[in-house]
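# Structure at a glance
So you can see what is in the structure, the chains are spelled out below.
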Amino acid sequence: WNCSNIVTTNHARKPFDDVRVRKALALALDQWGGATALSRIAVVHAVGGIVFPGSPLAATKAELQQLPGYWPDIEKSRAEARRLLREAGAEGLSFELLNRNVDQPFKYLGVWLVDEWAKIGVKVSQKVVPTGPWFDSMRKGTFDVVLESACQSVPNPLLDIQKFLPSDVSPQNYNQYSDPVQMAIYEKLLHETEPAKQRALMREFEKYTLDTGAHT
């Protein structure tokens with residue numbers, strides 16, 4: 001499967017309009033330890049960014065580990081997450097996680113996410129609904145945070161990352177935001193023909209999406 005598991009925050013709802021809060025939620029997650037443990041019981045395999053792991057445009061492990069949410073030192077990561085929440089005035093944050101009523105991998109990941117966020121003092125309740133209402137809520141923007149996925153038939157990074165383009169450009173993106181800077185990077189990436197330069201632009205787009213804007 002060319003599938004990514006994605007945590008989507010609703011930028012139209014406070015405090016998820018604050019990049020510090022979004023980044024804190026990412027920093028709380030032990031991606032490396034979580035993938036190892038979850039792979040034994042769920043359809044969870046490699047840790048990846050927004051590009052299919054191992055493909056030519058994908059980040060290396062060393063490159064990924066420079067991004068918030070992928071740091072190898074999880075205690076350092078969670079300390080920074082708590083600091084960001086304090087700075088944003090969001091200590092003791094509580095919210096509802098919308099999840100899909102499907103075992104693999106949604107229910108397993110949902111339980112894991114709730115537990116991970118609790119480790120930075122964030123209280124999360126989980127609302128599990130059938131697939132129809134799950135999609136309906138994402139399309140209408142009636143959620144705080146949702147666990148979703150991006151699935152394609154074959155790895156094609158330039159098409160795959162359309163899921164991560166701003167919501168006013170890509171109907172696949174349920175984060176509810178616009179971002180001309182992110183789009184400008186994508187336009188350069190889309191028209192670059194030299195592989196090395198294309199890869200560098202993909203790293204710039206990925207860093208902007210997962211770090212600078214912490215959109216996903």
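Keep in mind that this is a model prediction, so the values were computed, not measured.

Put simply, the largest pocket is a space of about 1100 Å³. As for the largest pocket, its lining consists of 49 residues, and the residues nearest its centre are Ser-4, Asn-5, Ile-6, Gln-31 and Gly-48. For the lining of the largest pocket, the secondary structure elements donating two or more residues are strand 1 (2-9), helix 1 (19-27), helix 2 (31-38), helix 5 (103-118) and strand 4 (145-152). By residue class, the composition of the lining of the largest pocket is 31 nonpolar, 15 polar and three charged.

A few words now on helix 2. Helical geometry note: an α-helix holds 3.6 residues per turn, so side chains three or four residues apart project in the same direction. Regarding helix 2, the residues found buried are Trp-32, Gly-34, Ala-35 and Leu-38. Seen end-on, helix 2 carries its buried residues on one side only, within an arc spanning 165 degrees. Where helix 2 is buried, its residues contact helix 3 (61-64) and helix 5.

The final tally for this structure, using the stated rule, is one disulfide. Linked covalently through their sulfurs, Cys-3 and Cys-151 form a disulfide whose S-S length is 2.0 Å. Handedness of the Cys-3-Cys-151 disulfide follows from its S-S torsion of about 120 degrees: it is right-handed. Placement of the pair is Cys-3 in strand 1 and Cys-151 in strand 4, with a sequence separation of 148 residues. Under the relative-accessibility criterion, Cys-151 is labelled partly exposed at 44%.

We now examine unusual backbone geometry. Across the junction of Lys-14 and Pro-15, the peptide omega takes the value 5 degrees, indicating a cis bond. On the secondary structure map, Pro-15 appears in the loop between strand 1 and helix 1. Residue Pro-105 follows Gln-104 across a cis peptide bond; omega there is -10 degrees. One non-glycine residue, Gln-176, lies in the positive phi region at around 65 degrees. Among the structural elements, Gln-176 can be located in the loop between helix 7 (157-160) and helix 8 (180-191). On the basis of relative accessibility, which here comes to 32%, the residue Gln-176 falls in the partly exposed class. Backbone geometry at Ala-214 places phi at a positive 40 degrees, although glycine is not the residue there. In this fold, Ala-214 is placed in the segment after helix 9 (195-212).

Criteria and cut-off values
- Residues numbered from 1 in each chain as written.
- Predicted model: local features only at pLDDT ≥ 70, side-chain atom pairs only at ≥ 80, totals over all residues.
- Heavy atoms only, no water.
- 1 Å grid on protein atoms, 1.4 Å probe; cavity = no way out; pocket = protein on both sides within 12 Å on 5 of 7 lines; lining within 4 Å.
- Points joined across faces, edges and corners; volume = space filled by probe spheres on them.
- Helix = DSSP H or I, 4+ residues; strand = E, 2+ residues; numbered from the N terminus.
- Nonpolar A, V, L, I, M, F, W, Y, C, P; charged D, E, K, R; others polar.
- Buried < 20%, exposed > 50% of the residue type's maximum accessible area, 1.4 Å probe, protein only.
- Arc of directions from axis to C-beta.
- Contact = heavy atoms within 4.5 Å.
- Disulfide = S-S within 2.5 Å.

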